[in-house]
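Below are the chains, spelled out letter by letter.
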Amino acid sequence: MTSATLLTPARTPSKLDGIPSGLVARADERAYVRVLVVLDTTVLTVALLVGYLARFGNEEPGGSKIPYVLVAPGLVLAWLVSLKALGCYDDRVIGYGADEYRRVSTASLRLAGGIAIFGYIADVGVSRGFLGISFALGTIGLEVARFAARKRLHRARSKGSGWSRKVLVVGDTAHVLELVHTLRREPYAGYHVVGACIPDALLAPVAQRLGDVPVVGSFRGIPEAATAIGADTVAVTASGELTGTRLRRLGWQLEGTGIDLVVAPALTDVAGPRIHTRPVAGLPLIHVEAPEFRGVRKLVKGFVDRAAATVALTLLLPLLGAVALAIRLDSRGPVIFRQTRVGQGGREFGVWKFRTMVVNADELLAELVARNETDGLMFKMRDDPRVTRVGRLLRKWSLDELPQLVNVLLGQMSLVGPRPPLPSEVARYDGDVARRLLVKPGMTGLWQVSGRSDLSWEDGIRLDLYYVENWSLAADLTILWKTFGAVLNSRGAY
């Protein structure tokens, strides 16, 4: 009897016995894909109908021999086929990451381009206004529908329900625990760890657990262990015993079982665009591009920051005036609070904020240090007595940050970036944390959309360093979009 058999929990036979576990576990995934197909079909039908009404109204197209009653269903079918062809229903894409949205846009643009070329060559008289309106509305509608479906899926996953992959983690104990922690840090990603396999030498004669993860076998019985616990994914992390040959054989053993094999490299917190896989001498070598801290993209980012800050300051002048008046009427002291922070390259600058505390807040800090509710170098207190009545409202809706648009306009800050630290915090930075200073600090960032003050010091630093290493204009736009949701939810705002 193998070690895997000894450590596998007993279970009651069912009608599902004998069916590959991966196929059973994918029932929820197929249901989610069917929902996406229905959503896409509905969105495209509405987009084509609106496009037709916007171009022709309630009247028949004059002088046209094109049967739009047949063209519309054909376009819907062709659009769905294009989405399918580009993998927009692939389980490796849907539900997490930006690739799903990119593929939807690419499929729509390619179809629009193909129809335009075909219409020109074949001289088909389909209205360009109808096609233009329909494709614009359809592409936007598909993205919005995918976003709504994903948010609903993420909420379900965070509550322990919804479609998720059931993962068997394989590797040394330390690496298994690290991967489990990483996957559980973002439960909405859809990777639910159900068991672990560790080297034979580490097995005990009694059932073991790594934290709360049951050890269900050794490296000699990985497929059997995955089947026994109903896993549909085997995630292999670092281990000296898992050589390239054994890993290749594991892939062969999993063929036909419906169980996916994924390999988690030791390299972490590097975004996809910086990673390129190239086969060299039969080895899938991973090439990692260096992060970009200067160049044309940086110039474009600076231009966009200042242009957006100019527009925002102009549009928000009435709101800024109202907030200033409320602060003046609520408590004595200046309306604007200027605090020294550290920016790019370690240069200090004065960050501007609406005052949310009493004027002697710094003097009172020494009395409150013992009541600090966060770890690390920052001071955070949920019910800070130094915060004024108006200040609490401003912090709840992040309105106190609006004067920092002036810092963005002056080039001292960016719209998106790491949190601007205090000089006292920077003085205690180690080598890794100091990398936050390689880019301009931001008014918002990954820390803002991931929980703000509810984040631990370690998680806040991890998110800041991830942004520094992997920033892009597309990521900035995504963070700005998510910032509105974070502000409306007021999560971690105090």
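Residues numbered from 1 in each chain as written. Predicted model: local features only at pLDDT ≥ 70, side-chain atom pairs only at ≥ 80, totals over all residues. Heavy atoms only, no water.

> I keep staring at helix α10 (residues 296–315) and nothing clicks. Help me out?
Each full turn of the α-helix corresponds to 3.6 residues, which orients residues three or four apart in the same direction. Counted at 1.5 Å a residue, the expected span for α10 with its 20 residues is 28 Å, and the 29 Å between its end C-alpha atoms agrees. Every buried residue belonging to α10 is among Lys298, Lys301, Asp305, Ala309 and Leu313, and all of these are buried. One side of α10 holds all its buried residues, which, seen down the axis, span an arc of 85 degrees. Away from its buried face by more than 90 degrees, α10 exposes Val296, Leu299, Phe303, Thr314 and Leu315. Looking at the packing, one finds that the buried side of α10 touches α11 (317–330), α14 (404–409), β11 (414–416), α17 (457–470) and α18 (473–489). (Helix = DSSP H or I, 4+ residues; strand = E, 2+ residues; numbered from the N terminus. Expected span 1.5 Å × (residues − 1). Buried < 20%, exposed > 50% of the residue type's maximum accessible area, 1.4 Å probe, protein only. Arc of directions from axis to C-beta. Contact = heavy atoms within 4.5 Å.)

> Got a minute to help me understand the sheet that holds strand β2 (residues 191–198) in this structure?
Sheet strands pair via backbone hydrogen bonds, and the direction of the pair is either parallel or antiparallel. Taken in spatial order, the six strands of this open sheet run β3-β4-β2-β1-β5-β6, and their pairing is mixed. Both edges of this open sheet fall to β3 (208–210) and β6 (260–263), since each of them pairs with a single strand only. Between one strand axis and the next, the sheet turns by 35 degrees as a mean value, whatever way the strands run. One ladder, built from four bridges, connects strand β5 (residues 233–236) with β6; its direction is parallel. In the sheet register, Val234 faces β6, and the bridge partner there is Leu261. Contacts from helix α7 (residues 173–185) reach β1 (165–170), β2, β3, β4 (213–218) and β5, with the element oriented near 175 degrees to β2. The strands touched by helix α9 (residues 244–254) within the sheet are β5 and β6, with β6 carrying the most contacts at an inclination of about 160 degrees. (Pairing = 2+ DSSP bridges. Axes fitted to C-alpha atoms, helices over the stretch in contact; angles between N-to-C directions.)

> What is the right way to read the side chain of Arg146 from this model?
The residue Arg146 is located in helix α6 (residues 128–158) in this model. For Arg146, the side chain forms a polar contact with the side chain of Asp40, separated by 2.9 Å. (Polar contact = N/O pair within 3.5 Å; in protein donor to acceptor, adjacent residues only side chain to side chain.)

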